[in-house]
Amino acid sequence: HIISVKELKNYVIKNYAFFGTETIGVFKQETITLLIGTCLGLRDVAIYDLANKILNIPKTVTAKINGAIFPKFMDNPNRNSIQKIFLFEIIIGSILTIITIMGGYWLVLLLGGKALIDAYPILIILSVAIFNSLFVGAVGNFVFIPVGKITRHPNLADIGRIEGKSRNTASPVVCPHIPTP
């Protein structure tokens, strides 16, 4: 089942926070690379790209944490749980940032050699993005969704969790035949 343009427009309007976050993120990433290449040169693009690729390792881990916690949280959403989740994410973010900073030098040498060692200071600066991805996801999943400001639509990774095990407010976009719990 393919959704109509009208349904898609409705989903985008209803969920502007998710749509806007993703759109701005992609725009920012591509614009940075373009500006570095235009203003500084291709070597600097390679340096930035290496730092960004290394950073994507812990960011991939953090991107999945909120999605994994969300169904269980929705069974009993409360302020105490949100505080525990934020504390947990601060601890995880700190650990991943420290690991990235401590191991980043060696990863840069392994993947880029001495020619791209300038990627290491960039990696340290960009490591703030680990906290950013955790925090933005947490606020969306654990603050905005429970109070009804936005609704969460399933993506392919969510489909397995929507089999009635949680009171998820998801509306089926990818698989409309799955009933909303």
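Residues numbered from 1 in each chain as written. Predicted model: local features only at pLDDT ≥ 70, side-chain atom pairs only at ≥ 80, totals over all residues. Heavy atoms only, no water.

**Q** Lay out the pattern of salt bridges with the relevant residues and their values.
**A** Overall, the coordinates contain 2 salt bridges when judged by the stated rule. When the shortest N-O distance is used, the salt bridge between Asp118 and Arg43 registers 3.6 Å. Of this pair, Asp118 sits in the loop between helix H4 (79–112) and helix H5 (119–126) while Arg43 sits in helix H3 (residues 42–75), placing them 75 residues apart in sequence. The class for Asp118 is partly exposed, based on a relative accessible area of 39%. Across the salt bridge formed by Asp49 and Lys53, the nearest N and O atoms sit 3.2 Å from each other. Here Asp49 and its partner Lys53 are both found in helix H3, 4 residues apart, which amounts to about one turn of the helix. When its relative accessible area of 31% is taken as the criterion, Asp49 is described as partly exposed. (Salt bridge = Lys/Arg side-chain N within 4 Å of Asp/Glu carboxyl O. Helix = DSSP H or I, 4+ residues; strand = E, 2+ residues; numbered from the N terminus. Buried < 20%, exposed > 50% of the residue type's maximum accessible area, 1.4 Å probe, protein only.)

**Q** An account of the side chain of Thr100 is requested, with residue identities and associated values reported.
**A** By the secondary structure assignment, Thr100 is in helix H4. Sequence-distant contacts of Thr100, defined by excluding residues within four places in its chain, comprise Pro58, Leu123 and Ile130. (Contact = heavy atoms within 4.5 Å.)

**Q** Outline the packing of aromatic side chains, listing residues and values.
**A** Throughout the structure, instances matching the rule amount to 3 aromatic pairs. Here Phe86 and Phe135 contribute two aromatic rings whose centre-to-centre distance is 5.9 Å and whose plane-to-plane angle is 40°, an arrangement assigned as tilted. With Phe86 in helix H4 and Phe135 in helix H6 (residues 128–144), the pair connects residues that are 49 residues apart, well separated along the chain. Judged by relative accessible area, which is 24%, Phe86 ranks as partly exposed. (Phe/Tyr/Trp six-rings, centres within 6.5 Å; stacked < 30°, edge-to-face > 60°.)

**Q** Got a sec to walk through H5? Specific residues and values, please.
**A** Residues Ala119, Tyr120 and Leu123 constitute the buried set of H5. An end-on view of H5 places all buried positions within 100° of arc, on one side of the element. (Arc of directions from axis to C-beta.)

**Q** Break down the packing of H3 against H5 for me, with residues and values.
**A** Where H3 contacts H5, the two axes come as close as 8 Å, and the packing angle between them is 45°. Considering the angle they form, H3 stands oblique to H5. Crossing hand, H3 versus H5: right-handed. Here Ile47, Tyr48, Leu50, Ala51, Asn52, Ile54 and Leu55 of H3 lie close against H5, whose contacting residues are Ala119, Ile122, Leu123 and Leu126. (Axes fitted to C-alpha atoms, helices over the stretch in contact; angles between N-to-C directions. Parallel < 35°, antiparallel > 145°, perpendicular 65-115°, else oblique. Left-handed = near helix turned anticlockwise from the far one by under 90°.)

**Q** Outline the nonpolar core, listing residues and values.
**A** The biggest cluster of nonpolar side chains holds 12 residues, and these are Ile47, Leu50, Ala51, Ile54, Leu55, Leu96, Val108, Leu116, Ala119, Tyr120, Leu123 and Ile130. Contributing elements (two or more residues each) for this core: H3, H4 and H5. Broken down by element, this core gets its largest block of residues, 5 residues, from H3. With near-sequence residues (within four places) excluded, Tyr120 lies in contact with Ile101, Gly104, Tyr105 and Val108. Counting 7 residues, the second-largest nonpolar core is a separate cluster that includes Met74, Ile82, Ile85 and Ala138. (Core = buried A, V, L, I, M, F, W, Y, C linked by side-chain atoms within 4.5 Å.)

**Q** Please set out the environment of Leu109 residue by residue, giving values where relevant.
**A** Relative to the helices and strands, Leu109 resides in helix H4. Overall, the relative accessible area of 24% leaves Leu109 in the partly exposed class. Taking the C-alpha atoms as reference points, Leu109 and Ala119, separated by 10 residues in sequence, lie 9.4 Å from one another. Beyond its immediate chain neighbours, meaning those up to four positions away, Leu109 contacts Lys114 and Ile117.

**Q** Could you give me a rundown of the confidence of the model for the protein, with the residues and numbers involved?
**A** For the protein, per-residue confidence averages 77 on the pLDDT scale, and 77% of positions sit at 70 or higher. Mean pLDDT across the elements of the protein ranges from a minimum in H6, with 78, to a maximum in H5, with 96. Residue range residues 153–181 is modelled with pLDDT below 50. Its contacts to residues more than four positions away, or to other chains, number 55 contacts. (pLDDT = per-residue confidence, 0-100.)

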